[in-house]
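# Architecture at a glance
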Amino acid sequence: MIKRSKLSNSINVALLASVSAASAVSVSAYAEEESANVERIAVTGSRIQRQDMETASPVTVIDAAAIRSEGFTTVDELLQAQTSMAGAAVGSSTNNGSDGVAQVDLRGMGSQRTLVLLNGRRMVNSGSGADSSVDLNAIPVAMIARVEILKDGASAVYGSDAIAGVVNIITKKDFEGFQIDVQGGMTDKSDGENGEISALYGFNTDTGNYTFGAAYSERKGVIQSDRDWTDPGNSSTTPNGSLDGMVKDADGNWVEREEGYDFTQDSFYQTPSKRYSLFANMTQELGSDVILTGDILYTKRKSNQQLAAQPAILALDVCEAGDDPTKCFELDQDMIDAGMAPNADGQIDYRKRMNDVGPRIYSQDTDTWRVSAGLEGSLDINTGMNWDVSYTYGNNKAETAVENSINATLMADAIYADQDAWLTGQPMTDQALLDSVAYTEKADGGNEQHVFSAGLNGELFDLDAGPVAFAIGAEYRYESGYYNPDPIIVAGEGTAAQQDPTDGNYNVISIFQEVSVPFTEKLTGEFALRFDDYSTFGNASTWKIGLTYEATDDLMIRTVAATGFRAPSVSELYGGNSGSYDYLEDPWGNEQDEQILVNYTSDEDLEPEESESYTAGLVYSPSYVDGMSLTLDYWRFKVKNAITRLDTQNGLNNCFAGDQATCELFNIGPNGDLSNLTNSLTNVGYQDTSGIDFNLAYRFDALNLDWTISNDTTYLLNFEQDGIDYTNTIDGNFGAYAQVRNNFSIKAAQDDWSVMYFNRYIGEMDDLSAGTKVDSVLYHNISASYFINDSWMLSAGVKNLTDEEPSRVSNGSDGGTVPEVYDTIGRTYFAGVTMKF
């Protein structure tokens, strides 16, 4: 029998039970003493089956009760509320460019550098096609038993993508009975309604358990202009059309444009979505100590975003002597008198916001499948050697559309044919003319994944301090992705930027091993080594070394050093050209427009990103304060050869200064010709970030109540990327890297009821673009639950109780702020009921 300290027991029960004290329970949470004879279990961050759940790596657990108590209806919501998150992961608040996807951004290092697992196995990348990250919308909250966040580099255990850490979503298993959950909410302004209804049914047999579930959720939109704090938009592209920066007034005279267009009246702060999910888990003993496990998940997502009407920005060819006037634009005398003239290319700028057609309505219809099955058993029950084999298949398909898009080629032809109709200075009424240039942009894409894995784990031999445990295995993984833009976009005939199709695949064969060595009763070493051979770039090797030392019965010290990598994704390798109108300044003065077309290209010769990670900390459970535990961890991540794009503006400036190599790198022609301006992906980026995590968990009895207090703090010491220091800054392009983020909760419970208060603090930051201060924000949430009897439970709560407004950001991504960082919809009420039979 292995003797374990109170500290060890505290960690084990905390993770096993996932106490719903607050939104997050750290590995150091309180637990009662338990028996030393514990079944061996899997731990996130290791393939070794172990009795003790404490490891050298810091792990945070969020359980189903905690998710319910805060009214979360999506996985990304609950994850992005954690203090260990930063940057600006896309989600329900991302209206422009998200395609309805929801992601997680651990440490702000990019969603592509956080690995997402489902029941310890990889989840297929998902979204609109050829995606590099998992769409968390594919995983319904109703099926989650708990979420484990490994805040340490884990490539040596799981392979590519685990540079910043791992999110392992554990589903409900071994369920018996029938349960229905209904939850809904809305803002105090009577919009943004959301709701979910789910059913769970499970039964036991003599040799197994079968659990089935279904869920439907719906979220409605919130328009930006419906919040009085929203900064009005000021686009230079106005509904009545402008020519060379001038518009016609009510008297038909050409005057300079003075007022811009407010696009917030058509844009969402919260995007609408509907999700339908089916899921099942099974465990079946097959005899001879062999167990069959499996899970299946299917999710259909129908989502929408809405932006202001398409801005049509056309370079019209100006007629010269002898030109066919139906093939070019004629400058009349009034235009010439107003100072209009063709540029050096013989063209003139025409802009019109196509309000006459209607707002751009983006829609996605995605289907995501995942099926995983495994066999596990013992070679010989006396040797403690266990084997396992598994297969996981994932498939994601998407159809996307953009209503009220504009065909730029047809619109230019229409203007040449009847330019007076487009220059009235008044809204257009000729519906047939508008219909001739408008169309619905359609695209499709998808991702596919196959993973075969086999492993052996157990105990090699005994040392004085205990057995040496190990795990070895091999894995084959195949990934493919494709994306087919609308043919009009591929041809470059739309007002949106030209884009090429994406199609590609790769495979990887991996061999991995782990060893856990108890050097003494107090000191344990953890060692992992992994070799991956890719069909694209070759091979990569990663390692991990971890140590835990129980200095006293109350104090454990832990540290980990590891290397990691991220393989280039399908879109990064095979994405082709994807045009983008970027806000740039032309140093030659040839381009008067502040938005200049940049061709974004991929590169089949990309190499993997490489990383180093270090964590060191302590777990302290003081024996003189029963029920209290503390964790303190220092962490640092360094990434080199990061896949990135160079700074386009810097490239323009260097080329203008005479650096010919830069001119060639960006495809800048003679005399500043930007007609083929190109920015390709390359392995030149880097990241260097460090910080400190602190957690306090305390459970005690007082005033005839059971109390639970939890506090999580992340203090960012440094975040530097590609030569720019983002520490304690915020910007619409990169998101927030607050120096201080803190979550605090206190819960009181007695018998059948409980009440919880929770607050979330985001510290003051520097506005990266303006150099000014951005105010800190403190959000307050309250919730309560009541068990009417063994079958019925009610819950209710309020998020953002004091209706805090988001902080203003000069270069915000939307509405004068960064919706991915701050609450943009205001006070929200939620309530739910659970019925179990």
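Data block above holds the structure.
Remember, it's a predicted structure, so these values are computed and weren't measured experimentally.

### Remarks on the pairing of strand E4 (residues 59-63)
With five of five residues buried, E4 lies mostly within the body of the structure. Of the two faces of E4, the one holding Val 59, Val 61 and Asp 63 and the one holding Thr 60 and Ile 62 are both buried throughout. Relative to strand E7 (residues 144-150), E4 is paired through five bridges, and the arrangement is antiparallel. Across the sheet, the residue bridging to Val 59 is Leu 150, located in E7.

### Considerations on the sheet that holds strand E33 (residues 678-680)
Ordered in space as E29-E30-E33, the three strands form an open sheet in which the pairing is mixed. Every other strand in the sheet has two partners, leaving strand E29 (578-583) and E33 as the edge strands with one partner each. Between one strand axis and the next, the sheet turns through 35° on average, direction left out of account. Where strand E30 (residues 595-601) meets E33, three bridges bridge the pair, whose relative direction is parallel. When the sheet's bridge partners are listed, Tyr 600 is paired in E33 with Asn 679.

### A few points about helix H6 (residues 408-417)
What H6 keeps buried is the set Ala 408, Met 411, Ala 412, Ala 414, Ile 415 and Tyr 416. Tucked into the core, H6 has its buried residues touching strand E19 (311-317), strand E20 (347-353), strand E22 (385-406) and helix H7 (431-437). The N-terminus of H6 is capped by Asn 407, whose side-chain oxygen sits 3.0 Å from the backbone nitrogen of Thr 409.

### Comments concerning the state of the cysteines
Under the criterion given, the structure shown has two disulfides. Here Cys 319 pairs with Cys 328 through a disulfide, and the sulfurs are 1.9 Å apart. What sets the handedness of the Cys 319 and Cys 328 disulfide is the S-S torsion sign, and at about 105° it is right-handed. Judged by relative accessible area, Cys 328 falls into the buried class, the value being 4%. Between Cys 655 and Cys 663 runs a disulfide, and the two sulfur atoms are separated by 1.9 Å. Note on the Cys 655 and Cys 663 pair: the S-S dihedral is about 105°, so by sign convention the disulfide is right-handed. Classification of Cys 655 as buried rests on a relative accessible area of 7%. Look at the chain and number its bonded cysteines as they come in the sequence; the links are 1-2, 3-4.

Parameters and conventions
Residues numbered from 1 in each chain as written. Predicted model: local features only at pLDDT ≥ 70, side-chain atom pairs only at ≥ 80, totals over all residues. Heavy atoms only, no water. Buried < 20%, exposed > 50% of the residue type's maximum accessible area, 1.4 Å probe, protein only. Helix = DSSP H or I, 4+ residues; strand = E, 2+ residues; numbered from the N terminus. Pairing = 2+ DSSP bridges. Axes fitted to C-alpha atoms, helices over the stretch in contact; angles between N-to-C directions. Contact = heavy atoms within 4.5 Å. Polar contact = N/O pair within 3.5 Å; in protein donor to acceptor, adjacent residues only side chain to side chain. Disulfide = S-S within 2.5 Å.

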